[in-house]
Every structure is written in C-alpha cells, then in structure tokens.
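The chain contents come next:
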2 protein chains.
Amino acid sequence: MRLLAIDLGGTKLALATFTADGNVTSKDTVLLSGRQGKQVGKLIVDLVADQIALADRQADEIAAIAVSIPGISNVKNSTVWAPNISGWEAYPLLQEIETVSGQIPVTIESDRSCYILGEVWQGAAKGCKDAIYLSVGTGIGAGIMAGGQILRGANDIAGAIGWLALRPPYHEKYKNHGHFEYYTSGEGIVRLTRELLHTKPAYKGGLRMKDPGELTTQKVFAAFMAEDEIAIQVFKHCIEYWGMAVANLVSLFNPEKIIIGGGVFGPASAFIPAIYEEAKRWGQPISAGLFVLEGSALGADAGIYGAGYAALKTFREFNAKNNVQ
Amino acid sequence: MRLLAIDLGGTKLALATFTADGNVTSKDTVLLSGRQGKQVGKLIVDLVADQIALADRQADEIAAIAVSIPGISNVKNSTVWAPNISGWEAYPLLQEIETVSGQIPVTIESDRSCYILGEVWQGAAKGCKDAIYLSVGTGIGAGIMAGGQILRGANDIAGAIGWLALRPPYHEKYKNHGHFEYYTSGEGIVRLTRELLHTKPAYKGGLRMKDPGELTTQKVFAAFMAEDEIAIQVFKHCIEYWGMAVANLVSLFNPEKIIIGGGVFGPASAFIPAIYEEAKRWGQPISAGLFVLEGSALGADAGIYGAGYAALKTFREFNAKNNVQ
C-alpha cells in the first residue's frame with residue numbers, strides 16, 4: 001500500500017507517495033502554469049486518477065489521499081478557501097476528488113496544519129503530541145498540535161497567529177494583516193524598515209532608496225549582515241515580537257517543541273537562539289524552561305510530509321471506523 | 001447513580017452530587033479551618049468514604065468522583081500542586097482517594113479546567129466544543145476546551161494566560177506574575193493604580209492614601225464609580241489588555257465562546273461590552289466576527305459543576321474502556 005500526498009502552493013504543486021513508515025516512494029513537481037479556479041481542481045483530480053491507475057498497474061493500491069492547500073480547509077461543509085487561487089472561496093475540492101477516488105478515503109488540510117503534521121511525523125518534532133509550527137513567510141500562521149490532535153477551532157481557522165496583539169494601542173493599519181504579521185512577516189519587515197527610516201531623517205545608508213518601492217526583505221537582511229544601523233534596529237524589534245509570540249504560545253499551550261519555519265526562516269534562522277532567550281523571559285516559567293525552539297527539519301518539504309501523515313491518519317481512522325484491525 | 005464532585009478552594013471546599021443530567025441532588029460546604037497538607041487530603045478522603053457509605057445505605061451508587069483543585073493536576077504522575085495548600089507540591093491526592101474509592105473511577109482536574117467544563121455542561125457555554133473560561137481573580141488563568149477536549153499541554157500547565165506578553169519591552173518586575181497578570185489581575189489593578197499615581201504627582205484624589213498599603217481593588221472600583229480620573233485611566237488600560245488577551249485567544253483558538261469570570265468579574269462585568277469591542281478590533285476578523293464574549297453563568301459554582309462534568313466524562317470513558325454500552 002502507498003499513501004498519496006499532494007502539496008498545493010500558489011504556483012506549483014508537489015506530489016509524493018509514502019509508505020506507512022514515512023519513506024518517500026515517488027516524488028514529482030507540477031507547475032500550475034497560470035491555471036486558476038476549476039483548472040487547478042481538474043489538475044489535482046487528473047493527477048489522483050493517474051496515481052490510482054498507476055498503483056493498479058503495479059498491483060499495489062493507494063490506501064489514502066491527502067491534499068495540503070494554501071488556505072483553509074472547512075471540514076464542516078467540505079470546501080476550501082485559498083486566497084492565491086482565484087475562484088477558490090468555497091471550492092468543493094473534496095467532492096471533485098471523490099469523483100475518481102472511489103472507496104479510498106480522502107482528506108484536505110490547511111498548509112499550516114500539514115507543516116506541524118510533517119515535522120511530528122518525520123521532522124524536528126518527531127513523536128511529539130504537543131508541538132507548534134510557526135510559519136513566517138509572506139504571511140504568518142501557526143499549525144498547532146495539542147494532545148496529538150490538530151487544533152481546528154469552531155470554523156477551522158484556529159492558528160491565525162498573525163493577528164496576535166503584542167503592543168497597544170490598536171491602529172487601523174493592522175486591519176488587513178493583524179499586528180504581529182504587520183511588522184514581522186516578510187512584507188512586515190519591509191514595512192517596519194520604512195517606519196524606522198521615516199523616524200531617522202539623518203540616516204543616509206543603503207536602505208534609503210531613491211525609489212522606496214525597491215526595498216525588499218532580502219535587502220534588509222543584506223543590510224543587517226553589513227551592520228547597517230536601521231537593519232539592526234529592525235531585527236531587534238522583530239526578535240522581540242517573535243519572542244513574545246513564541247512565549248504566548250508556550251504559556252497557553254505548554255508545548256514540547258515550537259518549530260519556526262517559512263520563507264523568513266530561512267535567513268532569520270540565525271536569530272532563533274535570541275528569540276528563544278526572549279521567549280523564556282516572558283513565558284510561564286515552568287513551560288518556558290521545558291520547551292524547545294528549533295528551525296524546521298523539513299524546510300520546503302514540511303507540507304508534503306504533512307500531507308503524507310494526514311493520509312496515514314485518515315487511513316487509520318477509516319480502518320478504525322470500519323472495524324478493520 | 002450519582003456523580004460525586006468536590007471543589008477545593010484555599011479556605012473551604014464544596015461537595016455536591018449530581019445526576020448525569022446535571023441536576024444537583026445534594027450540596028454542602030466544609031471549611032478547611034486551618035487544615036494544611038495531609039490534613040486536607042484526609043478531609044477529602046473521609047468525605048469521599050462518607051458519601052460512598054451514604055449512597056450504599058440509600059441503595060444507590062456513586063458512578064464516578066472528580067475533585068477540582070486550586071492548582072495543577074499532573075496527570076502523568078498522578079500528583080497535584082496547589083500553591084495555597086502548604087505541602088501540596090507533588091501531593092498524591094489520587095492515590096489517597098483510591099484507598100477508599102474501590103472500583104469507582106476518580107479524576108482530579110485543575111480549577112481552571114473545571115470552570116470551562118462547568119460552563120460547557122450547565123452554564124454560559126452549554127454544548128460548545130470550542131470554548132474558553134478566562135478567570136481573572138487574585139491571579140489569572142484560562143480553562144480551554146478545544147474540539148471537545150480540555151487542553152492540557154505536555155505538562156498539564158496549558159492555559160497559563162497570566163503570562164501573556166502584551167507590550168514590550170520586558171521588565172524584571174513581571175517575573176513572578178507574567179505581564180498580563182501583573183497589570184490586570186485583582187492585585188494587578190492595585191499595582192497599575194500605584195504606577196499611575198506615581199506619574200501624576202498633581203493628583204490629590206481619594207486613591208492617594210496616606211498609607212499606600214491601604215489601596216485595594218475594591219477602592220479602585222469605587223473610585224471609578226465616582227469618576228475618579230486615575231481610576232478611569234486604570235480601567236482604560238485594563239480594558240485594552242483584557243481585550244487584547246481575548247483577541248489573542250480568538251485568533252489562536254477560533255472558539256465559539258469566551259466566558260470571563262473570577263473575582264474581578266464581579267465588579268468588572270460592566271466592562272465586558274467594551275472588552276468585546278477591543279477584542280474585535282485586534283482579532284482575526286472571521287473568528288472575531290463569530291465568537292461570543294459573556295460573563296460566567298455559574299459564578300462561584302462553575303468549579304463544582306465542572307467537577308460534576310469531569311466525573312461524568314470519567315464515568316463515560318471508564319465504561320467505554322470496559323466495553324459497557
């Protein structure tokens with residue numbers, strides 16, 4: 001038997017098959033090539049049908065299918081929402097896949113849930129029952145495992161940690177991102193740099209560009225490496241906020257591990273020890289003394305491993321329900 | 001059958017029996033009268049033995065027993081920690097009760113877990129699967145139900161919301177309480193008032209006492225009712241922090257309901273609408289638009305109802321494990 005995992009991103013998807021032990025038996029990447037809406041759904045359905053046929057020809061079978069989507073999987077009404085795929089607002093992806101999957105159980109998970117599932121299955125949080133993946137990229141989200149279960153919330157939107165309130169008062173500018181994400185996501189680092197530049201008219205360094213639109217997260221990281229005074233201040237603030245957010249997760253969830261990943265970690269991974277120190281100052285002292293903060297072990301593969309584990313869990317639940325031992 | 005519930009506080013305990021439907025069939029209060037350590041354990045064991053004997057004489061039986069304790073119930077090693085009962089640091093309460101409970105299943109829960117269990121069973125969060133009780137009294141804690149399960153964390157200390165970091169930078173003075181609790185618990189309101197008095201030397205109102213040691217939470221509430229300028233500022237800050245904390249719970253947990261209770265709510269209940277407004281500004285917009293913020297429906301009885309529900313859940317789990325339908 002094999003587990004079929006698909007990790008859908010905004011521009012491509014990864015597809016892999018796994019053994020129940022977490023070994024990859026095949027892996028492929030398919031570009032979305034501008035596909036939108038229903039075309040993305042058709043691509044996934046066709047790939048699933050191909051994989052089922054392939055397993056059949058090899059006298060093997062697919063035991064379960066899981067798809068990681070860059071958005072929210074609404075379990076109650078079996079639809080998905082993915083802001084980067086136009087037309088996927090309440091998209092019936094599960095129903096579409098079920099037109100070709102027959103008796104094979106299928107599950108759809110949010111990418112952030114898959115990140116922590118992947119790390120728990122085969123990565124930095126292997127074997128943990130209480131662990132959190134803090135994903136810091138263009139946006140910020142958290143995949144939360146509590147007591148061995150993915151935390152979903154009443155409407156499948158738990159883990160929206162980008163909206164963490166970390167310094168009063170409220171400003172309208174936080175409205176579309178949340179306060180934490182506004183300053184510390186990839187885009188947030190650029191926003192924070194712009195605000196600091198505004199308060200330092202005397203600064204003439206490399207981050208003051210003729211066209212402020214040319215400022216990028218990468219340029220702020222590069223300036224930090226060159227000991228630019230503004231970049232140093234930017235990351236001092238970011239480390240403080242990242243540390244406070246980690247501390248808040250520690251005090252509320254008492255996890256064994258918190259994994260930091262996403263595009264920003266990456267280059268910000270060097271800050272993890274400083275974030276850990278900041279988090280330990282703020283957090284509930286017993287929990288803060290016991291938890292471990294680490295970078296992702298799976299990097300860009302966390303999502304596909306997570307989909308593999310989601311497929312395995314679905315297979316086990318399906319069997320338990322049908323009394324197969 | 002009846003369910004035996006005990007709610008232990010720092011100076012007294014409440015004892016009640018419930019039907020499986022949540023009706024109280026008997027209720028009593030016993031003062032601790034200065035008992036400490038093992039004497040408190042013996043009191044509980046004797047009361048349990050009495051209740052078992054009483055049920056027996058009435059040709060009835062106790063189906064399960066639950067105790068709410070003012071501290072942490074460490075499930076892994078079956079001990080409890082309760083800071084207000086001297087000698088209860090890793091106290092084997094479960095083992096002691098099991099010397100008299102025979103085949104009856106026994107469970108011990110933290111008070112904050114019992115508060116949310118009580119409200120979910122018979123109070124303001126009846127029937128919810130995702131709901132949180134924010135308890136603001138001398139200290140601050142949260143009882144969290146996620147997906148129908150109590151959130152425990154890796155070491156049973158989840159819900160330590162008093163340690164929420166809500167405004168950088170960190171100060172050493174937060175060390176023993178956590179930042180959120182430092183300013184907004186019952187004692188925190190007094191601390192915040194003292195800090196504001198210090199910054200307003202011109203203020204000559206009633207909160208400036210000859211002996212600053214005489215300042216109490218009650219006096220700050222009374223001053224607010226009399227439109228004292230410092231008290232107005234104190235609660236402006238508290239509402240902001242309470243709102244941010246509620247927002248952070250909303251964004252992370254996506255709950256149906258958050259219940260605010262504890263000694264401070266009480267008098268602060270009039271602020272709940274303002275806290276709700278503040279929380280809705282900061283929180284993830286979909287979750288913030290869907291959740292409900294309410295005062296406790298059970299008040300001081302939340303703990304005993306929660307212990308009753310914990311007993312019922314234990315009874316059901318015990319039956320499921322033993323294949324009784």
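Residues numbered from 1 in each chain as written. Chains lettered and ligands numbered in written order. Predicted model: local features only at pLDDT ≥ 70, side-chain atom pairs only at ≥ 80, totals over all residues. Heavy atoms only, no water.

Student: Teacher, can you tell me more about the overall build of chain A here?
Tutor: When helices and strands are tallied, chain A shows ten helices and twelve strands. The dimensions of chain A, computed from C-alpha atoms along their principal axes, are 70 × 45 × 35 Å. For chain A, the residues scored as buried account for 58% of the 325 residues in total. At a minimum sequence separation of 6, the contacts of chain A that also span at least 24 residues come to 63%. Accessible area for chain A stands at about 13,800 Å²; split by element, carbon and sulfur atoms hold 51% of it. Within chain A, the 32 negative side-chain charges are centred at a point lying 4 Å from the centre of the 29 positive side-chain charges. (Helix = DSSP H or I, 4+ residues; strand = E, 2+ residues; numbered from the N terminus. Buried < 20%, exposed > 50% of the residue type's maximum accessible area, 1.4 Å probe, protein only. Contact = heavy atoms within 4.5 Å. Areas by Shrake-Rupley, 256 points an atom, 1.4 Å probe, with all protein chains shown as cover. Lys, Arg positive; Asp, Glu negative; His and termini not counted. Charge placed at Lys NZ, Arg CZ, Asp CG, Glu CD.)

Student: How should the interface of chain B and chain A be read in this particular structure?
Tutor: When the parts of a complex come together, some accessible area is lost, and that lost area is often taken as the interface size. Counting residues at the interface gives 43 residues for chain B and 43 residues for chain A. For the chain B and chain A pair, buried surface summed over both sides reaches about 3,700 Å², with 67% attributable to carbon and sulfur atoms. Here chain B is connected to chain A by zero salt bridges. Elements with a minimum of two residues in the side of chain B that touches chain A: strand E9 (140–146), helix H7 (229–253), helix H8 (272–282) and helix H9 (285–290) of chain B. By residue number, the principal contributor to the side of chain B that touches chain A is H7(B), which donates eight residues. (Buried area = accessible area lost by both parts, 1.4 Å probe. Salt bridge = Lys/Arg side-chain N within 4 Å of Asp/Glu carboxyl O.)

Student: I'm lost on the pattern of salt bridges in this one. Help?
Tutor: As a working rule, side chains carrying opposite charge can pair if their charged atoms are close by. All names here are of chain A. Under the criterion given, the structure shown has 18 salt bridges over all chains. Between Arg2 and Asp60 there is a salt bridge, and its shortest N-O distance comes to 3.0 Å. Within this pair, whereas Arg2 is found in strand E1 (residues 2–8), its partner Asp60 is found in the loop between helix H1 (37–57) and strand E4 (62–69), the two being separated by 58 residues in sequence. On the basis of relative accessible area, Asp60 is assigned to the partly exposed category, the value being 24%. A salt bridge links Arg281 to Glu278; its shortest N-O distance comes to 3.0 Å. Within this pair, Arg281 and its partner Glu278 are both found in helix H8 (residues 272–282), separated by three residues, close to a single helical turn. Classification of Arg281 by relative accessible area gives partly exposed; the value is 41%.

Student: When you look at the environment of Ala124(B) in this model, what are you seeing that I'm missing?
Tutor: All names here are of chain B. Topologically, Ala124 is positioned in the loop between helix H3 (111–122) and strand E8 (131–136). The class for Ala124 is buried, based on a relative accessible area of 9%. With residues near it in sequence (within four places) discarded, Ala124 still touches Glu119, Lys257, Ile259, Glu294, Gly295 and Ala297.

Student: Whenever I open this one, the side chain of Asp130(A) confuses me. Can you help?
Tutor: Mapped onto the secondary structure, Asp130(A) falls in the loop between helix H3 (111–122) and strand E8 (131–136). For Asp130(A), which is buried and forms no salt bridge, the nearest opposite charge comes from Lys76(B), at a distance of 6.5 Å. Within the structure, the side chain of Asp130(A) is placed 2.9 Å from the backbone nitrogen of Gly147(A), a separation counted as a polar contact. Beyond its immediate stretch of four places on either side in the chain, Asp130(A) contacts Met145(A), Ala146(A), Gly147(A), Asn254(A), Pro255(A), Glu256(A), Lys257(A), Gly153(B) and Ala154(B). (Polar contact = N/O pair within 3.5 Å; in protein donor to acceptor, adjacent residues only side chain to side chain.)

Student: Honestly, the packing of aromatic side chains in this entry has me stumped. Any pointers?
Tutor: When we look at a pair of aromatic rings, we describe it by the centre distance and by the angle of the planes. A complete count under the given rule lists 37 aromatic pairs over all chains for this structure. Here Tyr183(B) and Tyr241(B) contribute two aromatic rings whose centre-to-centre distance is 6.3 Å and whose plane-to-plane angle is 10°, an arrangement assigned as stacked. With a gap of 58 residues between them, Tyr183(B) in helix H4 (residues 179–184) and Tyr241(B) in helix H7 connect regions that are remote in the sequence. For Tyr241(B), a relative accessible area of 6% translates into the label buried. Taken together, the aromatic side chains of Tyr170(A), Tyr174(A), Tyr182(A), Tyr183(A), Tyr241(A) and Trp282(B) make up a single cluster linked through ring pairs. The ring centre of Tyr182(A) lies 4.7 Å from the NZ or CZ of Arg191(A), which sits over that ring. Residue placement shows Lys280(B) over the ring face of Tyr276(B); its charged tip is 4.1 Å from the ring centre. (Phe/Tyr/Trp six-rings, centres within 6.5 Å; stacked < 30°, edge-to-face > 60°. Lys NZ or Arg CZ within 6 Å of the ring centre and 35° of its normal.)

Student: What's the story with the relation of the copies chain B and chain A in this structure? I'm lost.
Tutor: Each of the two chain copies can be brought onto the other by rotation about an axis and movement along it. Mapping chain B onto chain A calls for a screw motion: a turn of 180° about the axis and a shift of 0.0 Å along it, with 0.0 Å RMSD after fitting. Each copy turns onto its partner about a two-fold axis. Counting the interface residues of chain B, we find that 100% of their copies in chain A are interface residues as well, pointing to one common contact surface. (Least-squares fit on C-alpha atoms with pLDDT ≥ 70 in both.)

Student: Teacher, can you tell me more about the pairing of strand E2 (residues 12–18) of chain B here?
Tutor: Strand residues, when the strand is regular, have side chains that alternate between the two faces of the sheet. Residues and elements named next belong to chain B. Among the seven residues in E2, six count as buried, and that is most of the element. Relative to E2, strand E1 (residues 2–8) is paired through six bridges, and the arrangement is antiparallel. Across the sheet, residue Ile6 finds its bridge partner in E2, namely Leu15. What sits between the antiparallel neighbours E1 and E2 is a turn of three residues. In terms of strand pairing, E2 meets strand E3 (residues 24–31) through seven bridges, oriented antiparallel. In the sheet register, Ala16 faces E3, and the bridge partner there is Lys27. (Pairing = 2+ DSSP bridges.)

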